[in-house]
Amino acid sequence: MDVRSTDKLIDPFSVDIDIDEGIMKRATNHLVRKASDMRGHYADQAALERLIAEKADPLHYEVFEVPVPEKEGHLMYCISTLQPGQVGEECFMTKGHYHAVAATAEIYLCLRGQGYMAMKTADGRWSAEPMSRGRMVYVPPHWAHRSINTGGEPLISFCVYPGQAGHNYGDIEQEGFPKRVFLRAERVVIE
Ligand code: F6R
Ligand code: ZN
């Protein structure tokens, strides 16, 4: 295809990322999820309500993007920054999703922090890969994925995935993940 005759030709560009703070500078999309956005995701719902009430609905995670066209051929990318903390004993985590185009993969390069990438398939397979600075997690096509912060500092990742992938939150909200990650007496427990 001659891209010069389509609307697909965009100009090259670059962005600045503060790797330590987990911020994409001059991001045009900045998604903020607070504790109250996480209702229904944690095992201990009363503990989540206490956190919202007692800590003034604290920041949970952020996603920074300078978006590209959501089309095949492009690579969408973002910085995902998940705060440290627990809801009861359960470690802070993202909602998690399948991609709307399920047959699309994703790469997470961890820049800071400690945690796991929990992954599952619709037919019941489950996996958790550790995340720490310099570690890359490959999320294959058809695997739902959620990051979980087990450390005491933000868990920061650079994510790259196909432009057309999109997000499907509904299916994983229905299914849930088969295992959760807890901190008990300073030990990580996955069960
Ligand atoms: C994109 C992706 C990440 C997440 C981000 C927030 O496909 O996997 O950028 O979107 O870590 O998590 P969710 O989207 O599950 O709220
Ligand atoms: Zn994804």
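These numbers come from a predicted model, not from an experiment.

### A closer look at the site of ligand 1
Within the structure, ligand 1 sits among 17 residues, and Tyr61, Ser80, Glu106, Tyr108 and Tyr169 are positioned closest to it. Between glycine 96 and ligand 1, the recorded distance is 2.8 Å, taken from a backbone N or O atom to an oxygen atom. Between ligand 1 and the protein, one listed contact pairs an oxygen atom with a side-chain N or O atom of tyrosine 108 at 2.5 Å. In isolation ligand 1 offers 390 Å² of accessible surface; the protein chains occlude 98% of this area. Counted by class, the shell around ligand 1 contains seven nonpolar, seven polar and three charged residues.

### What to know about the coordination of the zinc ion (ligand 2)
Only His97 (NE2), His99 (NE2), Glu106 (OE) and His145 (NE2) from the protein reach the zinc ion (ligand 2) as donors, at distances of 2.1 to 2.3 Å. If you look at the zinc ion (ligand 2), its six donor atoms make angles of 74 to 174° with each other, and the shape they trace is octahedral. Read in sequence order, the donor residues for the zinc ion (ligand 2) give the motif H-x1-H-x6-E-x38-H. Taken together, the positions of glutamate 106 in strand 8 (residues 106-112) and histidine 145 in strand 12 (residues 144-149) put the pair 39 residues apart, joining distant regions of the chain.

### As for the sheet that holds strand 10 (residues 126-132)
Pairing is antiparallel across the open sheet formed by three strands, whose spatial order is 10-9-12. Two strands in the sheet have a free side with no partner beyond their single neighbour: strand 10 and strand 12. In this sheet, adjacent strand axes meet at a mean angle of 20° when their direction is disregarded. With six bridges connecting them, strand 9 (residues 114-120) and strand 12 associate as antiparallel partners. In the sheet register, glycine 115 faces strand 12, and the bridge partner there is asparagine 149.

### Considerations on the pattern of salt bridges
For the structure on display, the rule yields seven salt bridges. Of the charged contacts in the structure, one is a salt bridge between arginine 39 and glutamate 49, with a shortest N-O distance of 2.7 Å. Placement of arginine 39 in the loop between strand 3 (29-34) and helix 1 (45-54) and of glutamate 49 in helix 1 is noted, with a sequence separation of ten residues between them. Among the residues examined, arginine 39 registers a relative accessible area of 44% and is labelled partly exposed. One salt bridge connects glutamate 90 with arginine 180, and the closest N-O pair in it is separated by 2.7 Å. Here the residue glutamate 90 occupies a position in strand 7 (residues 90-91), and arginine 180 occupies one in the loop between helix 2 (170-175) and strand 14 (181-184), the gap between them amounting to 90 residues. Residue classification places glutamate 90 among the buried residues on the basis of a relative accessible area of 1%. Among the residues examined, arginine 180 registers a relative accessible area of 25% and is labelled partly exposed. Taken together, the shared-partner salt bridges in this structure form one network comprising Glu89, Arg184 and Glu191.

### With respect to the sheet that holds strand 13 (residues 155-162)
Spatially, 3-4-5-13-8-11 is the arrangement adopted by the six strands of the open sheet, whose pairing is antiparallel. Looking along the sheet, the strands with just one partner apiece sit at the ends: strand 3 and strand 11 (136-139). With strand direction ignored, the average angle separating the axes of adjacent strands in the sheet is 20°. Relative to strand 5 (residues 75-82), strand 4 (residues 59-65) runs antiparallel, the two being bridged by four bridges. Pairing of tyrosine 61 across the sheet is with leucine 82, part of strand 5.

Definitions and cut-offs
Residues numbered from 1 in each chain as written. Chains lettered and ligands numbered in written order. Predicted model: local features only at pLDDT ≥ 70, side-chain atom pairs only at ≥ 80, totals over all residues. Heavy atoms only, no water. Near = heavy atom within 4 Å. Polar contact = N/O pair within 3.5 Å; in protein donor to acceptor, adjacent residues only side chain to side chain. Areas by Shrake-Rupley, 256 points an atom, 1.4 Å probe, with all protein chains shown as cover. Nonpolar A, V, L, I, M, F, W, Y, C, P; charged D, E, K, R; others polar. Donors = N, O, S within 2.8 Å, 3.2 Å for Na, K, Ca; no water. Tetrahedral: all angles 85-135°; square planar, octahedral: opposite > 155°, others 65-115°. Helix = DSSP H or I, 4+ residues; strand = E, 2+ residues; numbered from the N terminus. Pairing = 2+ DSSP bridges. Axes fitted to C-alpha atoms, helices over the stretch in contact; angles between N-to-C directions. Salt bridge = Lys/Arg side-chain N within 4 Å of Asp/Glu carboxyl O. Buried < 20%, exposed > 50% of the residue type's maximum accessible area, 1.4 Å probe, protein only.

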